[in-house]
Structure formats: C-alpha cells, structure tokens
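Examination of the molecular architecture
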Amino acid sequence: MTLGTDGYGRSDTRENLRRFFEVDAELTVIATLYALAEQGAVERKVVEKAIKDLDVSPEKAHAAIL
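First, a word on scope: everything that follows refers to the structure included in this document. What you are looking at is a predicted structure, and each value in this text was computed from that prediction instead of being measured.

Details of the packing of helix α2 (residues 25-38) against helix α3 (residues 44-53)
When two helices pack together, their arrangement is given by the angle between the helix axes and by the axis-to-axis distance. In contact at an axis separation of 8 Å, α2 and α3 are set at 165 degrees when each is read in the N-to-C sense. Judged by the inter-axis angle, α2 sits roughly antiparallel to α3. The two elements α2 and α3 cross, and the hand of that crossing is left-handed. On α3, the residues that touch I30, L33, Y34, A37 and E38 of α2 are R44, V46, V47, A50 and I51. Partitioned by chemical class, the residues of the contact of α2 with α3 number eight nonpolar, no polar and two charged.

Structure below.
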C-alpha cells in the first residue's frame with residue numbers, strides 16, 4: 001500500500017493530508033487489520049470494531065477518485 005502524500009498539489013496540514021489520502025495512523029491500522037482479515041488471521045468484526053473505535057467513516061469516497 002502506498003503511504004505517501006507528496007506531489008498531489010494540495011496545500012493543507014500534513015495531518016489533514018494524511019487523513020485525506022488515508023495514510024494516517026488510524027487508517028493504516030485499519031488497512032493492516034483488513035489485510036489480516038483477508039488472510040483469515042483475524043475476524044472481520046475486529047476490523048469493524050477498529051473502524052468504529054477510530055472514528056473512521058466507511059462511506060467516505062476514496063481519495064484517488066475525488
């Protein structure tokens with residue numbers, strides 16, 4: 001997974017850019033848990049709980065299509 005935000009021509013705080021491009025700590029944790037769930041290493045409910053606990057909107061459009 002890509003973990004960078006350089007070169008997109010946006011001017012905002014690094015924190016906001018990381019959240020926008022879904023590469024902040026919270027979303028990295030969710031992506032990791034999702035990958036583990038895909039492999040069967042953790043249950044999918046762990047991913048769902050992380051999404052709720054970390055206050056991430058699963059309905060947000062992916063940054064690449066905005």
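Observations concerning the pattern of salt bridges
One side chain can pair with another of opposite charge once the charged atoms of both are near each other. Within the structure shown, the criterion is met by three salt bridges. The salt bridge involving E38 is made with R44; its shortest N-O contact spans 2.8 Å. Taking relative accessible area as the criterion, E38 reaches 46% and is therefore assigned partly exposed. The partner of K45 in a salt bridge is E43, with the nearest N and O atoms 3.3 Å apart.

Topic: α2
Quick reminder: α-helices carry 3.6 residues per turn. Residues three or four places apart thus point the same way. Its 14 residues give α2 an end-to-end C-alpha distance of 20 Å, which sits within 8% of 20 Å, the value for a rise of 1.5 Å per residue. Of the positions making up α2, those classed as buried are L27, I30, A31, L33 and A37. The arc that holds the buried residues of α2, viewed along the axis, is 165 degrees, so those residues lie on one side. Looking at the buried positions of α2, the neighbouring elements they touch are α1 (14-20) and α3. G40 lies just past α2 and shows a positive phi near 85 degrees.

Regarding the nonpolar core
L27, I30, L33, A37, V47, A50 and V56 form the largest nonpolar core, which has seven residues in total. For this core, the elements supplying multiple residues, two or more each, are α2 and α3. The leading source of residues in this core is α2, at four residues.

Reading the values: the criteria
Residues numbered from 1 in each chain as written. Predicted model: local features only at pLDDT ≥ 70, side-chain atom pairs only at ≥ 80, totals over all residues. Heavy atoms only, no water. Axes fitted to C-alpha atoms, helices over the stretch in contact; angles between N-to-C directions. Helix = DSSP H or I, 4+ residues; strand = E, 2+ residues; numbered from the N terminus. Parallel < 35°, antiparallel > 145°, perpendicular 65-115°, else oblique. Left-handed = near helix turned anticlockwise from the far one by under 90°. Contact = heavy atoms within 4.5 Å. Nonpolar A, V, L, I, M, F, W, Y, C, P; charged D, E, K, R; others polar. Salt bridge = Lys/Arg side-chain N within 4 Å of Asp/Glu carboxyl O. Buried < 20%, exposed > 50% of the residue type's maximum accessible area, 1.4 Å probe, protein only. Expected span 1.5 Å × (residues − 1). Arc of directions from axis to C-beta. Core = buried A, V, L, I, M, F, W, Y, C linked by side-chain atoms within 4.5 Å.

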